[in-house]
Amino acid sequence: MLLAGVAFGQDRNKFAVIINGASGEPAYAKQFEEWTTQLSSVLSEKFGFDSQHIKVLPEKQATAEEVKRTFATLKSELDPDNVVFVFFIGHGSYDGKESKFNLVGPDLSAPEYNALLSSLPTRRVVVFNMSSASGEFVKSLAAKGRIVVTATRSGQETNATRFAGFFIAALKATDADTDQDGHVSVLEAFVYASRLTDDFYKHAGRLATEHALLDDNGDGVGHEKAEAGEGLLARATYLDSLSGEEAAANVATAKLMKERVRLEGEIEQWIARKGTMSEAEYEATLERLFIELAKVNRSIKQAGS
């Protein structure tokens, strides 16, 4: 568990799949391999992922059959309360109809990845497609309880992306926890990485060729920032969250962790009910739930410091 920036033990509730796709040339091969290694390390060393729960497909093994085999194995290991993070590092393509992530040999399309993700029993899946032309994945992967982040806003942004490197920088940063609750949420990591990406192009005096998107309300429409109902589920999903039983150092902490899980579930349910109530009631209740969640997180942080 990560409290006050320090990892305490392993979180067996979380699983990760990192796919290092086809590079196409030596420079990209080296870069993608470095990012893959760095990401795996920071997940286990800082965010408490059990190394046995991090499945890495290096470039030479990143074939369509191996991807399918990896998800089949993962399916047998998961239960509904687990959280799965899927990371794509590499190049993507879009032919005007179908978006794909480049693998060694035949590629898999966004709908095919959606089928693989939908077969998993877990209720919470977080996808980071950090490849070029990845924006089209939002439409295919959007689903209830699923958070989708892409490095580009469309399939037309086909230049090699830098978002993966800046996302890893966000995970390593000491100031990514912007609300100071002791935990790094998916939204905080997305915002931080997006800012670093934007800054890179501005400082280089270049036209930005990638614009990261986030979709977490299941409507299949990504946004570059938390707006129009986006970002609420990502705000309540943490890279370093533990199940109550596994995170508890004592009875008091166990109670706090169970309360956090309850609040996260209530927030998710409330987001799903948005269309059934007035906007004022929706926003007021969400604000109350997030305030309660922030208080619980601060208590957990204090208990671990």
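Everything below is about the structure shown above.
Residues numbered from 1 in each chain as written. Predicted model: local features only at pLDDT ≥ 70, side-chain atom pairs only at ≥ 80, totals over all residues. Heavy atoms only, no water.

The next thing to look at is helix α3 (residues 110-118). Of all the residues in α3, the buried ones are Ala110, Tyr113, Leu116 and Leu117. An end-on view of α3 places all buried positions within 115° of arc, on one side of the element. (Buried < 20%, exposed > 50% of the residue type's maximum accessible area, 1.4 Å probe, protein only. Helix = DSSP H or I, 4+ residues; strand = E, 2+ residues; numbered from the N terminus. Arc of directions from axis to C-beta.)

Now for the sheet that holds strand β3 (residues 14-20). The mixed open sheet is built from 6 strands, whose spatial order is β4-β3-β5-β9-β10-β11. Because the sheet does not close on itself, it has two edges, and the strands there are β4 (54-57) and β11 (213-215). Here the average twist between neighbouring strands, direction ignored, is 10°. One ladder, built from 4 bridges, connects β3 with β4; its direction is parallel. Paired with Ala16 across the two strands is Ile54, which belongs to β4. Against the sheet, helix α1 (residues 26-45) makes contact with β3, β4 and β5 (83-89), and its axis sits at roughly 170° relative to β3, the strand it touches most. Strands β3, β5, β9 (124-129) and β10 (146-150) of the sheet are contacted by α3, whose axis makes an angle of about 150° with β10. (Pairing = 2+ DSSP bridges. Axes fitted to C-alpha atoms, helices over the stretch in contact; angles between N-to-C directions. Contact = heavy atoms within 4.5 Å.)

Moving on: the sheet that holds strand β6 (residues 92-94). Spatial ordering of the open sheet is given by β6-β7-β8, a layout of 3 strands whose pairing is antiparallel. The sheet terminates laterally at β6 and β8 (108-109), the two strands that pair on one side only. Pairing between strand β7 (residues 99-101) and β8: 2 bridges, direction antiparallel. Residue pairing across strands places Lys100 opposite Ser109, the latter belonging to β8.

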